[in-house]
Every structure is written in C-alpha cells, then in structure tokens.
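These are the residues of each chain, in order.
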Amino acid sequence: MPGFQKKFLDAIREIGNMGAGQASGSLSKLTSQKVVLHTPHIALKKIVNVPKVIGGSQEMIVGIYNSLKGDLSGTLLIALPAKSALTLADKIQKKKTKSTTLTKQAQDKLKQIGEIVTQNYVASITQFLELNVSGTEERIISAFGESIADLALLGVKGKFALVLRTEFEIGSVKGKLILLLAMDSASTIKQAIQKKLE
Amino acid sequence: MQQVINKVKPEIKGIEQGETVVLVIPNELYSQKIGGIARTVAKKSKAVCYVSLNKLINALEPKLKKSGADVSKFLFVDGITKSANPNIEEADNVMYVGSASALTEISLTLGKIFNSGHFDGFIFDSLSTLLVYNNPKTVGKFVHNIINKIKAKNMTAVFTALEGDTNSSLLKECSMYVDNVVHLK
C-alpha cells in the first residue's frame, strides 16, 4: 500500500466535505428540503477492494456519473436506490403523483443534480488547491449491486484508488456521493496540499 | 395452449432445448446464481448470446469462467458499459448498446444476431433493469418481440428477473409469452 499519511487523508476528506457542503445548499434550494450529510469516509484501497467500500447493495441502483479531467482523473458518482432516484426526480419536478419509471425528463433532472454536485466539488478542489479540474457530461447509469462500483471504476486505472464516500439524505431519499481517484491523482492532491502547508 | 408453471427450484438443470424461461432470482442470490445459469445454458448450446444489462463484460466474463461456463461459446451484448463510457471500442466477442433504456437498439441488435443463425442459446440479464426505464406492459411487448424471434430459431432462452426489483405485473405480462416462470431458491 503506497504511503499516505493520515494528515493528507484528513485534508482530502475536509476538501470533499467543503464541496459536498456547498452542493447541499444548492440541492436544498432545488428540492425545498433539508439535505443531511454524514461524516465522509475516506480510504486508500486496492482496486479489487473498492466495491466493499462503496457498498455492494442488493438492489437496483441508479447512478449519476461524471468523469473528472485535467490535473486529476477519476469518477464522481451519486448512487441512489432506484426508488430513491424516482422520488428525487419527482421532488425536483414538484410532481404530486409517484413516478414508476425513470423518464427522459426525470433523467435530465437527475443530471441537473449531478451538475450541481460536480461543479461544487470541483470548485472546492480548484479554489483551495489551485488545480485545474473539470467534469465531463453527466450520465445516468443503472446496475444491480456491486456492478455500480465496477462502473465507477471504469475511469480509474492502476492498482490502488482513493475512495471518498459521503452518505446523504434528502427527506426520504438516501444516497451516496462517491469520489474515486486514481493513485497518481491522489498523489497530485497530496503535493498540492503540501505546497499549501509550506 | 401453453401452460405456465410456477416452480420453486434450487437450480435450472431441467431446462429443455427450445424452452423459454423467466427465472426469478432472490436478490441476495443473484451474484451466486448467474454463473450456474450461464454454465447450464452453455452446456445445452453450441453458441450463446448473452445480453448483460447488470454487469460490465470485463467483470462478467471472469465470473462466468470461474463458474465453469465455456465463455468461448458466448457473444455478449453489453448494455451497461456504454452508458458510462460512450467511446468504448467493440471487441471480438462483445457488442455494445447504448443503455438499458434503448429497447429499440437492443431489439435491432438481437435481430441481427439471431438472423445469423449461429446461436441456439440466449440469456437476458435482466428484465428488472428494463423496469427502471419502462413500464411492465412495454417490457412485456419487448419480451414478446424477442420470443417470436427466439422461437423461430428453436433457441433455448433464459430471462432473469430479480425477486425484489420485479413486480407481479411484469411477471404476468411475460408469462403470456414464455413457457415457464421459475422462482429460484
């Protein structure tokens, strides 16, 4: 396992927390509901063990997927049980009746959430660490169980990955915000933090 | 008139050549069962078309190999990877379709594959994934369309469905077109 001191992991956790915190304000306005964020969990893991950290849910999961590019490469994923995804899309559209399928319109609304979260996450990284990072186009993915982790890992090469997982609630909707970074990107962040601390 | 029998079985070794079956799998057993299902269909077939809407091919193929399925017999239709990576390149044994929401694209791709005449086995994994984007009636029509093509070629076909993510309306729709609905335990 590559060396990565606790202070750097704590700093990365804090940066992720800032990004998620800013995103939660925007999401709260969009959904007219309080957004609750739980303490982020951060870990450096072998790629094969990443699914266990993300959580291999035994239900259908809908994901709002984004790749990071620039000084960092990785994945930003919002993972929701399918029913929660439908509820969230209904909340944003202010629908009174419950949807049973994820229509194109509902997918577009979920992508809007993905865009807000990515922009805030990326902003916290670029502003604090002075790195050049951006997201690509949001995509809606769906998979059962641990396959959602396999999808998240598509954009991450190498033997190890940095996983930052934040669980959140918006009313009855429960989901996970997952940042996955390849090791070379984790090292880039570490160097940027070191530079800041000098 | 076809008879639909709801059986509860631990495995599907009894599937017959040319039979079409919906297998309802408990969510917690899905990962465990899928390898055995592929192995059974492969044993009864010269060549198998496997539509995967739940697992990326780069994760599915090793899993099937580990379960003892002869993956050299398989052509995979991957309906999941391209939703995250639209620029994925085709491989010799994999065709990619946009996503589980692209029913027309999936139908057209399967039509081409079936018309080649090479395949006598078919696995569709899973109907539950289609329900995220389509109502049970639409999924039922889709299954009917596929079954017509399968029956014309006398193919053995298994459609999987997740017990926790499937509703009775879907099973009712699909039971009109398949030979059996089997609940695995």
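As a starting point, this report considers the structure included with it. As the structure is a prediction and not an experimental result, all values here were calculated from the model.

Broken down by element type, chain A carries 6 helices and 8 strands. In terms of C-alpha radius of gyration, chain A reaches 16 Å, essentially the compact-globule figure of 16 Å for 198 residues. Considered along the principal axes of its C-alpha atoms, chain A spans approximately 55 × 30 × 25 Å. Evaluated residue by residue, chain A yields a buried proportion of 56% over its 198 residues. Restricting the contact set of chain A to residue pairs at least 6 apart, pairs at least 24 apart contribute 74%. For chain A, the accessible surface area stands at approximately 9,000 Å², while carbon and sulfur atoms represent 50% of it.

Right, let's talk about the interface of chain A and chain B for a bit. Reports often express the size of an interface as the amount of accessible area lost when the parts come together. Taken together, the contact pairs 20 residues of chain A with 25 residues of chain B. Together, the buried faces of chain A and chain B total about 1,900 Å²; carbon and sulfur atoms form 59% of this surface. Our enumeration of links across chain A and chain B arrives at 1 salt bridge. Across the salt bridge formed by A:D150 and B:K55, the nearest N and O atoms sit 3.5 Å from each other. Counting across the interface, chain A meets chain B through 5 residue pairs in polar contact (both at pLDDT 80 or more). Mapped by element, the contributors of at least two residues to the side of chain A that touches chain B are β3 (60–70), β6 (139–144) and α5 (147–152) of chain A. Looking at the side of chain A that touches chain B, the element that brings in the most residues is β6(A), giving 6 residues.

The next point concerns the pairing of strand β4 (residues 74–81) of chain A. Residues and elements named next belong to chain A. The element β4 is largely enclosed, with a buried count of 7 among its 8 residues. Of the pairings in the sheet, the one linking β3 to β4 comprises 8 bridges and is antiparallel in character. By the bridge assignment for β4, I64 is matched with I78. Connecting the antiparallel pair β3 and β4 is a turn made up of 3 residues. One ladder, built from 6 bridges, connects β4 with strand β8 (residues 173–182); its direction is antiparallel. Paired with A79 across the strands is K176, a residue of β8.

Looking now at the layout of surface pockets. Approximately 590 Å³ is the volume found for the largest pocket. Taken together, 25 residues make up the lining of the largest pocket; nearest its centre are A:A82, A:K83, A:L86, A:S99 and A:T100. For the lining of the largest pocket, the elements supplying multiple residues, two or more each, are α3 (82–93) of chain A together with α5 (127–131) of chain B. Element by element, the count of residues in the lining of the largest pocket is highest for α3(A), at 6 residues. As a volume, the second largest pocket reaches approximately 500 Å³. Contributing to the lining of the second largest pocket are 16 residues, with A:P51, A:D150, A:L153, B:N58 and B:A59 lying nearest its centre. Examining the composition of the lining of the second largest pocket, we find that 5 residues originate from one element, helix α2 (residues 57–66) of chain B, more than from any other. Each residue belonging to the lining of the second largest pocket can be placed in one class, and the counts come to 9 nonpolar, 1 polar and 6 charged.

Residue and element names in this part refer to chain A. According to the stated counting rule, one finds 3 cavities of 30 Å³ or more in the structure shown. Size it by volume and the largest cavity reaches roughly 100 Å³. Those elements giving two or more residues to the lining of the largest cavity turn out to be α1 (6–31), β1 (35–37), α4 (104–129) and β7 (160–170). The element best represented in the lining of the largest cavity is α1, accounting for 4 residues. Split into classes, the residues belonging to the lining of the largest cavity amount to 12 nonpolar, 1 polar and no charged.

To continue, consider the packing of α1(A) against α4(A). Residue and element names in this part refer to chain A. Interhelical geometry of α1 versus α4 gives an angle of 145 degrees and a closest axis separation of 8 Å. Like other packed secondary-structure pairs, α1 and α4 cross with a definite hand, here right-handed. Of the residues in α4, those in contact with I15, G16, M18, G19, A20, Q22, A23, S26, L27 and L30 of α1 are Q112, I113, I116, V117, N120, Y121, S124, I125, F128 and L129.

We now examine the packing of aromatic side chains. Enumeration over the complete set of coordinates arrives at 9 aromatic pairs over all chains. Ring centres of B:F122 and B:F159 lie 5.8 Å apart, and the angle between their planes is 65 degrees; this geometry places the pair in the edge-to-face category. In this pair, B:F122 sits in strand β6 (residues 121–125) while B:F159 sits in strand β7 (residues 156–162), placing the two residues 37 residues apart along the sequence. Like B:F159, B:F122 is buried. Its end group placed over the ring of A:F128, A:K196 keeps NZ or CZ at 5.8 Å from the ring centre.

Analysis parameters
Residues numbered from 1 in each chain as written. Chains lettered and ligands numbered in written order. Predicted model: local features only at pLDDT ≥ 70, side-chain atom pairs only at ≥ 80, totals over all residues. Heavy atoms only, no water. Helix = DSSP H or I, 4+ residues; strand = E, 2+ residues; numbered from the N terminus. Rg over C-alpha atoms; globule rule 2.2 N^0.38 Å. Buried < 20%, exposed > 50% of the residue type's maximum accessible area, 1.4 Å probe, protein only. Contact = heavy atoms within 4.5 Å. Areas by Shrake-Rupley, 256 points an atom, 1.4 Å probe, with all protein chains shown as cover. Buried area = accessible area lost by both parts, 1.4 Å probe. Salt bridge = Lys/Arg side-chain N within 4 Å of Asp/Glu carboxyl O. Polar contact = N/O pair within 3.5 Å; in protein donor to acceptor, adjacent residues only side chain to side chain. Pairing = 2+ DSSP bridges. 1 Å grid on protein atoms, 1.4 Å probe; cavity = no way out; pocket = protein on both sides within 12 Å on 5 of 7 lines; lining within 4 Å. Points joined across faces, edges and corners; volume = space filled by probe spheres on them. Nonpolar A, V, L, I, M, F, W, Y, C, P; charged D, E, K, R; others polar. Axes fitted to C-alpha atoms, helices over the stretch in contact; angles between N-to-C directions. Left-handed = near helix turned anticlockwise from the far one by under 90°. Phe/Tyr/Trp six-rings, centres within 6.5 Å; stacked < 30°, edge-to-face > 60°. Lys NZ or Arg CZ within 6 Å of the ring centre and 35° of its normal.

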